[in-house]
Amino acid sequence: MLSYLTRRILQMIPTLAGVILLVFFLFKFFGDDPAEILGGMYARPEQIESIRNELGLNKPIPQQLWLFVEKVVTFNWGHSWATNESVAHIFSTRLPASLTIMIPILLLSVGLAIVAGMAVAYVRGSLTDRAVMVISTVALSISFLVYVIIGQYIFAFRLGWFPVQGWSDSVFTNLWKYAPLPVLIAVLVSLAPDTRLYRTFFLDEMGQDYVRTARAKGVAENTILFKHVLRNAMIPILTNIATQLPGVFVGSFLIEVFFSIPGLGREVYTAVGRSDYPVIQAATVYLAVLTMVINLITDVMYKLVDPRVVFK
Amino acid sequence: MSADASLEIAPVAVATVPALPKSPGVWSQAWTRLRRDRVGMGSLVVVVLFLVLVLLAQFGVVGGDWQREVGTPFAPPTFVGAIQDESERAVVDAPQGPNIDLSDVDPLAPRYKEWDERASRVKTAVTVKATTLPLGGDRMGRDVLSKVIKGAQVSILVGVAAAVFATFIGTLLGALAGYFGGRTDDFLEWLYNVFTAIPYILLLFALAALFKSGPLAKTLGQGVWTVVIILGIVGWTGIYRLIRAEYIKHRSREYVRAADAIGATNLSRMFVHILPNVSHVVLVQLSLYVVAFIKAEVILSFLGLGVPIDMVSWGTMLAEAQTELVLGKWWQLAAATVFMATFVTAFALLTDALRDAMDPKLR
């Protein structure tokens, strides 16, 4: 186990190096000159030159790369080019808003999908099953944008059940007042595709011999479904959750844009609009690290849910 | 069965080779299976109709004049009927009596005649603005039907082009990694790990930040090609993985070794011998990508990171529709949604049918 962990962590190093190289060279070769972005439209050449010196842009490329690596390691990305807010501060203040929205969405959508997927898989082949399949295919083909536009219009603007958009400083007010509508819309939209996906996970298990044996020896249906089948279907479910987890930290940027939630996703999106490179670079690098860590944790979790899994 | 046949034929093998019944190829078998699939054929018809529409729009037969303001602002759809709004018909009483003659004090009076003459030489065309349009009009009175057709052309072309681009990169790299193995494979696996470590939405944003405003924007222009390139670079990893696995499976098969024996080069073995045998995987992935990329293009265009502002796509229509909906003008939203949902549903169903038809073992 320990040797497995060590090896996996060591394997992360080349990938992380690759991410850093990719981000550095992408912005180096394809990005605008940072000094010109920072200097603004009316900067004099000597001003631009002094900014270049300050940022170390006149140093040779290997040295600039080293400066970039230093930024990654020390979390010191300096200040946003657009607002002069420190990048570390942007991350620490925007992340809670994203989490306030995304954690309820993740918990609700996974919980509902497990129940709904199980139910649909149990009545496989019936009219209900086929109806759910058809509805989820059609529902999936409508853009997410449409659901948010219409949901916001009907529930907030027309019916006035929720505020149209907004955010406050108190976590409780946010959860109680501003989060319900975005969470509701996101969960409803993800329900159809998730049910479809989880149905296949459960179907793979329900045809297995151990299910038939359990039925033969008279185990209650609920015990079979929620103890035997669910535990065995846990591996694909965990994998699915793991792929969604990094997104939890960026937040659903569309939801954040629509509902004016000051989260990380909206921050990165506005940074794209204002060519605010440090924010984009920092988000990309750290989210990549987070993704790798989550993947490792998921692989370890496999062992916990299924003792048959052997680490090689 | 085949053993019997070969036994009978064996003694006169040389003479009867041309007489052997030609076994149907992968593609004709798939086509036979697809034809039996009613849902698949239905969706194929819808997809082909859309593609014809796209071609017609591409060559300017339909939707070419989407920018003309042919109706009154927010002209409602014909089936709803013209606006019965009293406030727009408020009458202002015209002043009574003849105009007072000012010509003796008016310093410009001597020149009025000359100006009238000049003005009469300029032709002005008064267009009658329609009060209703088939699917309504937008804020500027442009025909939503033309817009949605033009938007279909842009969205579908971008989706298909990006899918082809991503499939091309993924297939090429996957073939190289799977066929050669060793160092090439290690390097490409590393590249794959790097690209998949970055959440795709952040990679998309990073590339959008560079391609939309960086120096590349000046060479590539603001056209739709940047969107195609961005989506292609972000999306190649999925198909790379599948093709690599297929090539690993195929590279040591007998037919490939036979090709090696008759002196086929690596390149010819990779793309002439193996590729046709894995083409069904490529095609299914390609069509999955088309659906995914059309949706991605719509979202990018909505956010203003997609097609340029002088073009229309389903995404820009949705962006306009968001503010229109608050005013109660729902038709642009409805038109874009219905068109997109129809095409994407048909394409998704066709993809399912294709997968079933191409790979009967999958079921």
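Look up: the structure comes first, before these words.
In short, a report on the structure. Given the structure is predicted, the values throughout are model-derived calculations rather than measurements.

**Considering the overall build of chain A**
And then number 1: Scanning chain A from N- to C-terminus turns up 14 helices and zero strands.
And then number 2: Ordered by position from the N terminus, the helices and strands of chain A form the series α-α-α-α-α-α-α-α-α-α-α-α-α-α.
And then number 3: Along the first, second and third principal axes, the C-alpha atoms of chain A reach 85 × 60 × 35 Å.
And then number 4: Here chain A holds 312 residues, and 44% of them are scored as buried.

**A short note on the overall build of chain B**
And then number 1: From N to C terminus, chain B includes 14 helices and zero strands.
And then number 2: In sequence order, the secondary structure elements of chain B are arranged as α-α-α-α-α-α-α-α-α-α-α-α-α-α.
And then number 3: The contacts in chain B between residues at least 6 apart in sequence include a share of 78% that link residues at least 24 apart.
And then number 4: Total accessible area on chain B is roughly 20,100 Å²; 64% of this is exposed by carbon and sulfur atoms.

**Remarks on the pattern of salt bridges**
Side-chain pairs of opposite charge can arise where the charged atoms are in close proximity.
All names here are of chain B.
And then number 1: By the definition in use, this model includes 17 salt bridges over all chains.
And then number 2: In this structure, glutamate 320 engages lysine 147 in a salt bridge whose closest nitrogen and oxygen atoms are separated by 2.7 Å. With a gap of 173 residues between them, glutamate 320 in helix α13 (residues 314-326) and lysine 147 in helix α6 (residues 144-180) connect regions that are remote in the sequence.
And then number 3: Measuring nitrogen to oxygen at the nearest pair gives 2.8 Å for the salt bridge that ties arginine 244 to aspartate 185.

**Quick word on a nonpolar patch on the surface**
And then number 1: Where nonpolar side chains cluster on the molecular surface, the patch consists of B:Val48, B:Val52, B:Leu55, B:Leu56, B:Phe59 and B:Val61 and spans about 580 Å² of accessible area.
And then number 2: Relative to the elements of secondary structure, B:Val48 occurs in helix α4 (residues 38-58).

**As for the interface of chain B and chain A**
And then number 1: Between chain B and chain A, the contact holds 40 residues from the first and 42 residues from the second.
And then number 2: Buried surface at the junction of chain B and chain A, both sides included, amounts to about 3,600 Å², of which 80% is carbon and sulfur.
And then number 3: Per-residue buried area on chain B facing chain A is highest for B:Leu202, B:Phe205 and B:Leu210; these three make up 16% of the total on that side.
And then number 4: Joining chain B to chain A, the criterion identifies zero salt bridges.
And then number 5: On the surface where chain B and chain A come into contact, there are six residue pairs in polar contact (both at pLDDT 80 or more).
And then number 6: Of all the secondary structure elements, the ones that give two or more residues to the side of chain B that touches chain A are α7 (182-197), α8 (200-213), α9 (215-220), α12 (266-302), α13 and α14 (331-358) of chain B.
And then number 7: Top element by residues in the side of chain B that touches chain A is α8(B). It accounts for nine residues.
And then number 8: Split by residue class, the side of chain B that touches chain A holds 29 nonpolar, eight polar and three charged.

**Describing helix α3 (residues 45-55) of chain A**
All names here are of chain A.
And then number 1: Here α3 has its buried residues at Ile48, Ile51 and Arg52. Projected down its long axis, α3 carries its buried residues within an arc of 105°, all on one side.
And then number 2: The inward-facing, buried residues of α3 contact α2 (34-39).
And then number 3: Count one or two residues on from α3 and you reach glycine 56, which has phi positive near 75°.

**With respect to unusual backbone geometry**
Residues and elements named next belong to chain A.
And then number 1: If you check the backbone angles, serine 260 has positive phi at about 50° while not being a glycine.
And then number 2: Structurally, serine 260 can be placed in the loop between α12 (253-258) and α13 (264-273).
And then number 3: Note on serine 260: relative accessible area 24%, which makes it partly exposed.
And then number 4: The backbone phi angle of serine 275 is positive, close to 50°, even though this residue is not glycine.

**Looking at the packing of aromatic side chains**
And then number 1: Tallied over the full model, the rule gives 26 aromatic pairs over all chains.
And then number 2: With a centroid separation of 5.6 Å and an interplanar angle of 20°, the aromatic rings of A:Tyr153 and A:Phe157 are classed as stacked. One end of the pair is A:Tyr153 and the other is A:Phe157, both in helix α7 (residues 144-158) and four residues apart, which spans about a single turn.
And then number 3: Centroid distance B:Phe50 to B:Phe339: 6.2 Å. Interplanar angle 85°. Geometry classified as edge-to-face. With B:Phe50 in helix α4 and B:Phe339 in helix α14, this pair connects stretches of sequence that are 289 residues apart. With respect to burial, B:Phe50 and B:Phe339 carry one shared label: buried.
And then number 4: Here a set of aromatic residues connected by ring pairs shows up, and it is made of A:Phe24, A:Phe25, A:Phe29, A:Phe68, A:Phe75, A:Trp77 and A:Tyr286.

**Things to note about the packing of helix α3 (residues 26-36) of chain B against α4(B)**
Residue and element names in this part refer to chain B.
And then number 1: Contact geometry for α3 and α4: axes closest at 5 Å, N-to-C directions at 95°. Here α3 is positioned roughly perpendicular relative to α4, judged by the angle of their axes. Counting all contacts with α3, which are made through Trp31, Leu34, Arg35 and Arg36, the residues of α4 involved are Arg38, Met41 and Leu44.
And then number 2: Residue composition of the contact of α3 with α4, grouped by class: four nonpolar, no polar and three charged.

**Remarks on the nonpolar core**
And then number 1: Core analysis: the largest hydrophobic core is formed by 160 residues, its most contacted members being A:Tyr198, A:Phe202, A:Ile237, B:Phe205, B:Leu303 and B:Trp314.
And then number 2: At 15 residues, the largest contribution of residues to this core is made by α6(B).
And then number 3: Among all residues touching A:Phe202, those that are not within four sequence positions of it are A:Ile114, A:Gly117, A:Met118, A:Ala121, A:Val229, A:Leu230, A:Ala233 and A:Ile237.
And then number 4: Core analysis: the next-biggest nonpolar cluster, separate from the first, contains six residues, B:Ala30, B:Leu34, B:Ala353 and B:Met358 among them.

**Description of the packing of α12(B) against α13(B)**
All names here are of chain B.
And then number 1: Here α12 crosses α13 at 45°, and the two axes come no closer than 7 Å. Accordingly, the angle class assigned to the pair α12 and α13 is oblique. As for the relative orientation of α12 and α13, their crossing is right-handed in sense. Counting all contacts with α12, which are made through Ile294, Val298, Ser301 and Phe302, the residues of α13 involved are Trp314, Gly315, Thr316, Leu318, Ala319 and Gln322.
And then number 2: Partitioned by chemical class, the residues of the contact of α12 with α13 number six nonpolar, four polar and no charged.

Rules behind the numbers
Sequence order sets the numbering: in each chain, residues are counted from 1 along the sequence as written. Here the convention is simple: chains get letters from A, ligands get numbers from 1, in the order in which they are written. Totals for whole chains, interfaces and linings use all residues, but because this is a predicted model, local features are given only for residues with pLDDT of at least 70 and pairs of side-chain atoms are given and counted only at 80 or more. Each side-chain value is derived from all of the structure's non-hydrogen atoms; neither hydrogens nor water enter the calculation. Comment: elements are numbered from the N terminus, with helices defined as DSSP H or I runs of at least four residues and strands as E runs of at least two. Categorising residues by exposure relies on relative accessible area from a 1.4 Å probe, with only protein chains included: less than 20% of the type maximum marks a residue as buried, more than 50% marks it as exposed, and the intermediate range marks it as partly exposed. Pairs of residues are marked as contacts when any of their non-hydrogen atoms sit within 4.5 Å. Residue-level accessible areas treat just the shown protein chains as cover; the underlying method is Shrake-Rupley with a 1.4 Å probe. In what follows, salt bridge is the name for a side-chain nitrogen of Lys or Arg lying within 4 Å of a carboxyl oxygen of Asp or Glu. Patches here are clusters of residues that have more than 30% relative accessible area and form no salt bridge, with a 9 Å joining cutoff for like charges and a 5 Å cutoff for nonpolar side chains (Val, Leu, Ile, Met, Phe, Trp, Tyr). Once two parts are joined, some of their accessible surface, as seen by a 1.4 Å probe, is lost; buried area is that loss totalled over both. Here a polar contact is recorded for every N or O atom pair within 3.5 Å, except that within protein the pair must consist of a potential hydrogen donor and a potential acceptor, and residues adjacent in sequence are included only if both atoms are side-chain atoms. Each residue is assigned to one of three groups, with Ala, Val, Leu, Ile, Met, Phe, Trp, Tyr, Cys and Pro labelled nonpolar, Asp, Glu, Lys and Arg labelled charged, and all others, Gly among them, labelled polar. Note that the arc is defined by the directions from the helix axis to the C-beta atoms. Any pair of Phe, Tyr and Trp rings, taking the six-membered ring for Trp, is counted once the centres come within 6.5 Å. Such a pair is stacked with planes under 30 degrees apart, edge-to-face with planes over 60 apart, and tilted for the rest. All axes are obtained by fitting lines to C-alpha atoms, using only the stretch in contact for helices, and the reported angles, taken between N-to-C directions, cover 0 to 180 degrees. The scheme is simple: roughly parallel for angles under 35 degrees, roughly antiparallel for over 145, roughly perpendicular for 65 to 115, oblique for anything else. Each nonpolar core is a collection of buried residues, namely Ala, Val, Leu, Ile, Met, Phe, Trp, Tyr and Cys, held together in the definition by side-chain atoms within 4.5 Å. A clockwise turn of the near helix away from the far one marks a right-handed crossing, whereas an anticlockwise turn of less than a right angle marks a left-handed crossing.

What is shown is where atoms sit, not what they do.
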